[in-house]
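Residue strings, one per chain:
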Amino acid sequence: MKSPQFDYVRPGSLDQVLDLLAEHGDEAQVIAGGQSLVPTMNMRLAAPSVLVDVNHVPGLAGVELCGKWLRIGALTRHAEIACSPEVARHAPLLARAAPYIAHEAIRNRGTFGGSVATADPASEWPACCLTLGARIHLASRKGTRTIPAEDFFEGVYQTAIEPHELITHVEVPAAADGMLYGFDELARRKGDYAIVGLAVQARIGAKGPMKLLRRNDQRLSEVRLGFFGVAETPVLAQQAAAALEGRPLDAESIQAAQSALADDLQPLSDLYTSAEAKTHMTRVLLGRVLHALSGDHSA
Amino acid sequence: MSDINYELNLTVNGERGSFRVSPRLSLADFLREELHLTGTHVGCEQGACGACTVRYNGDQVRACLMYAVQAEGAEVETIEGITESGELAALQEAFHRNNALQCGFCTPGMLIAAADLLKHNPSPDRDQIRAGISGNYCRCTGYHSIVDAVAETCSGGTKEATQ
Ligand SMILES: Cc1cc2nc3c(=O)[nH]c(=O)nc-3n(C[C@H](O)[C@H](O)[C@H](O)COP(=O)(O)OP(=O)(O)OC[C@H]3O[C@@H](n4cnc5c(N)ncnc54)[C@H](O)[C@@H]3O)c2cc1C
Ligand code: FES
Ligand code: FES
C-alpha cells in the first residue's frame, strides 16, 4: 500500500527541529532512516500529518570518543557503525552486532537513534544499549535530559521519549582493558529480526592497580547478559550473571549460568515460536556465546 | 494538511532534472511513473523483498522506503543506468548462462545487491554470497542458480586479476 498524505519539512538545524516538534506535538513524526516508519505508514498503521526529515541536520551523525564515553550521533547509520574503526576499538559489542541488523540496503539508511526510538523487542541496538549501560540523550524546547538505558525501554515500541523530544545522541562506555564482549542471535534467515538474541559484557581478571599483583586471576566480574526477543523490552539476566560473578569462565560456570536462566527469563511466545522453544533457545545461545568468549579469551 | 507538491531536483542515471512531487510519492513510484524507469520493481512496499533496490548516492537502498521528495540533491542510479554503463555486464552474462532468472521480477534488485556485495568483497564464498543477497526475495529460482552466477562472476574476476 501507499502512505497517506502528509506535509513534509526538511529543517536545516537542531533548533528548527525542536521548534517543529514543539509546534506540532504528536501530530508530527521525525523521519530518520525511514526503515521502520515508512513501512508502518505504507501499511497505514501510522499517519502523522507532518514529517520532520532530520537527514540534513548538521551534527546529528557520526561517532566520536569523548573521554570515557563513545558518543554515537542519533543519525549514524547502521552501516557506518558496522565499518567504523572507532566503534571496532571502543565499542566492539556494537561492531559485532551490526551485521545482524537487517540487510545491507536497510543498514545503509537505518539509524542508531531510529532503532533506539523504535524499541522493537527483537532489535539489536536496544539490547546492546542496556548491556553496555548506555545513556540516551534527548533534547526538546524545554531543554535536554539524559536517561539511562535501564529506564528508557518501557515496553513494546514504548520508550521514555516525549512527543516533542528528539534523541540527539547515545553514549556508551568506551571499552576498557580486560573487558570481554560477545554477541549472537538465532533467526530463521540472515538479517531477519532475532527469535532470541544475546549481548554480553564482562570483565575478566582484576581491575586497576591490582592487575599486576593478580595477573593470574582469571575471574569474571561486572557480568551483564542482555537478552532480546524474549520479553517486551530487552532484559538483563541477573541470576545467570550472578552465577558467573567471581568465577573463571569455564564449562562449569557456563553450565551454572545456563541453569540459573530459568529464574531470569520467562520468554513470551510470538507468532512463530512457542515459549518453550524460546526458553530452550536462550539456554543454547547463552552456552554458545560464553563458550565462544572463553575460546577468544584463552586464544 | 494540503496536498501541495514540493520541488525536487535530483540526478537520475547521470541526468539532472527538476520536478514537482507529492510528498507521499515513494522514490520507487517516482522512478517508475514519472520517469518510466520500470526496471525498479515494486513488490512488498515494506522493505522486505528487495525488488525496488536502487543506488542512492552510491549505496544500495530500498526505493519503496524513501519518499521522492527526500532525494533533493541526490544522485540516484537505477538498473537502467547501471546496465548502460556496462558495470553489470559480467554479472548479467553469468545470470543468463546459469538460468539465474525465470520471471525476472527480482533480477534488477538482485543484480544491484550482488554488484554491491562484489564491490565490498571481490571473492565471497557461497555463504557470503547467500548473506549478501539475503535481503532479496526470488520466488522462482530457489536461489541456487543465482549463487552459482555470482560465484562464477567473481572467479572470472579473480582469474583476470591474476593474469
Ligand atoms: C526488512 C527489514 C528488516 C529489518 N530487520 C531489522 C533487524 O533485524 N534488527 C533491527 O534492529 N532492525 C531491523 N529493521 C529496522 C531498521 O533497523 C530500522 O532502521 C530501525 O528500526 C529504525 O531506524 P530508522 O532510522 O530507519 O528510523 P525511522 O524509520 O526513520 O523512524 C522510526 C521511529 O523512530 C522515530 N525516530 C527516529 N529517529 C529519532 C530520533 N533521533 N529521536 C526521536 N525519535 C526518532 C521516528 O519518529 C519513528 O517513530 C528492519 C527493517 C526492515 C525494513
Ligand atoms: S518493494 Fe521495496 S523492498 Fe519490496
Ligand atoms: S526470477 Fe522470478 S522472482 Fe526471481
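An account of the accompanying structure is given in this report.

Procedures and definitions
- Residues numbered from 1 in each chain as written.
- Chains lettered and ligands numbered in written order.
- Predicted model: local features only at pLDDT ≥ 70, side-chain atom pairs only at ≥ 80, totals over all residues.
- Heavy atoms only, no water.
- Helix = DSSP H or I, 4+ residues; strand = E, 2+ residues; numbered from the N terminus.
- Rg over C-alpha atoms; globule rule 2.2 N^0.38 Å.
- Buried < 20%, exposed > 50% of the residue type's maximum accessible area, 1.4 Å probe, protein only.
- Contact = heavy atoms within 4.5 Å.
- Pairing = 2+ DSSP bridges.
- Near = heavy atom within 4 Å.
- Polar contact = N/O pair within 3.5 Å; in protein donor to acceptor, adjacent residues only side chain to side chain.
- Areas by Shrake-Rupley, 256 points an atom, 1.4 Å probe, with all protein chains shown as cover.
- Core = buried A, V, L, I, M, F, W, Y, C linked by side-chain atoms within 4.5 Å.
- Axes fitted to C-alpha atoms, helices over the stretch in contact; angles between N-to-C directions.
- Phe/Tyr/Trp six-rings, centres within 6.5 Å; stacked < 30°, edge-to-face > 60°.
- Lys NZ or Arg CZ within 6 Å of the ring centre and 35° of its normal.

A look at the overall build of chain B
Phase 1 of the analysis: Regarding its fold elements, chain B presents six helices and five strands.
Phase 2 of the analysis: Going residue by residue from the N terminus, the α and β elements of chain B occur as β-β-α-β-β-β-α-α-α-α-α.
Phase 3 of the analysis: On C-alpha atoms alone, chain B measures out to a radius of gyration of 17 Å, which is about the 15 Å that the 2.2 N^0.38 rule sets for 163 residues.
Phase 4 of the analysis: The C-alpha extent of chain B, read off along each of the three principal axes, is 55 × 35 × 20 Å.
Phase 5 of the analysis: By the burial criterion, 52% of the 163 residues in chain B qualify as buried.
Phase 6 of the analysis: In chain B, once contacts between residues fewer than 6 apart in sequence are set aside, the share between residues at least 24 apart is 53%.

What about the side chain of histidine 41 of chain B?
Phase 1 of the analysis: One can find histidine 41 of chain B in the loop between helix H1 (27-34) and strand E3 (53-56).
Phase 2 of the analysis: If we skip the residues at most four places from it in the chain, histidine 41 of chain B touches Arg32, Ala51, Cys52, Gly104, Phe105 and Pro108 of chain B.

Structural notes on the pairing of strand E2 (residues 15-21) of chain B
All names here are of chain B.
Phase 1 of the analysis: Relative to E2, strand E1 (residues 6-12) runs antiparallel, the two being bridged by seven bridges. Bridge pairing links asparagine 9 to serine 18 in E2.
Phase 2 of the analysis: As consecutive antiparallel partners, E1 and E2 are separated by two residues, and within that stretch asparagine 13 has a phi angle of approximately 50°, a positive value.

Re the site of ligand 1
Phase 1 of the analysis: Around ligand 1, the structure places 32 residues, and the nearest of them are Val30, Leu37, Thr111, Ser123 and Glu124 of chain A.
Phase 2 of the analysis: The environment around ligand 1 is built from residues contributed by chains A and B.
Phase 3 of the analysis: Within the backbone of glycine 34 of chain A, a nitrogen or oxygen atom sits 2.7 Å from an oxygen atom of ligand 1.
Phase 4 of the analysis: Contacts to ligand 1 include histidine 78 of chain A, whose side-chain N or O atom sits 2.9 Å from an oxygen atom.
Phase 5 of the analysis: Coverage of ligand 1 by the protein chains reaches 91% of its 960 Å² of free accessible surface.
Phase 6 of the analysis: Of all the secondary-structure elements, those providing two or more residues to the shell around ligand 1 are strand E2 (28-31), helix H7 (112-118) and strand E10 (166-173) of chain A.

Considerations on the nonpolar core
Phase 1 of the analysis: Residues Leu94, Phe112, Val116 and Trp125 of chain A are the most contacted members of the largest nonpolar core, which totals 39 residues.
Phase 2 of the analysis: Listing elements by their share of this core, those giving two or more residues are strand E5 (69-73), helix H5 (92-97), H7, helix H8 (124-132), strand E6 (135-140), helix H9 (149-152), E10 and strand E11 (179-186) of chain A.
Phase 3 of the analysis: Per-element accounting of this core gives the leading share, five residues, to H8 of chain A.
Phase 4 of the analysis: Setting aside anything within four residues of it in sequence, one finds valine 116 of chain A in contact with Trp125, Pro126, Cys129, Ile136, Phe152, Phe153, Thr159 and Ile167 of chain A.
Phase 5 of the analysis: Among the nonpolar cores identified, the runner-up in size contains 33 residues, and Leu27, Cys64, Tyr67 and Ala74 of chain B belong to it.

Describing the environment of glutamate 64 of chain A
Residues and elements named next belong to chain A.
Phase 1 of the analysis: Looking at the secondary structure, you find glutamate 64 in strand E4 (residues 63-66).
Phase 2 of the analysis: Residue glutamate 64 is classed as partly exposed on the basis of its relative accessible area, which comes to 45%.
Phase 3 of the analysis: Put simply, glutamate 64 and glycine 110 are 46 residues apart on the chain and 19 Å apart in space, counted from C-alpha to C-alpha.
Phase 4 of the analysis: Excluding its chain neighbours within four sequence positions, the residues that come into contact with glutamate 64 are Trp69, Leu70 and Arg71.

Some words on the sheet that holds strand E1 (residues 7-9) of chain A
Picture the strands of a sheet paired through backbone hydrogen bonds; they go either parallel or antiparallel.
All names here are of chain A.
Phase 1 of the analysis: Here we have three strands laid out as an open sheet, ordered E1-E3-E2, and parallel in their pairing. A single partner strand is all that each edge strand has here, and the edge strands are E1 and E2. Here the average twist between neighbouring strands, direction ignored, is 25°.
Phase 2 of the analysis: Bridge count between E1 and strand E3 (residues 50-53): three bridges; the pairing is parallel. Opposite valine 9, over in E3, you have valine 52 as the bridge partner.

Looking at the packing of aromatic side chains
Phase 1 of the analysis: By the definition in use, this model includes seven aromatic pairs over all chains.
Phase 2 of the analysis: Consider the rings of phenylalanine 152 of chain A and phenylalanine 153 of chain A, whose centres lie 5.0 Å apart with planes at 85°: the pair is edge-to-face.
Phase 3 of the analysis: A cation sits over an aromatic face here: arginine 135 of chain A above tryptophan 69 of chain A, 3.6 Å from the ring centre.
Phase 4 of the analysis: The positively charged end of arginine 139 of chain B is found above the aromatic ring belonging to tyrosine 137 of chain B, 4.6 Å away from the centroid.

Read these as geometric descriptors, not functional statements.
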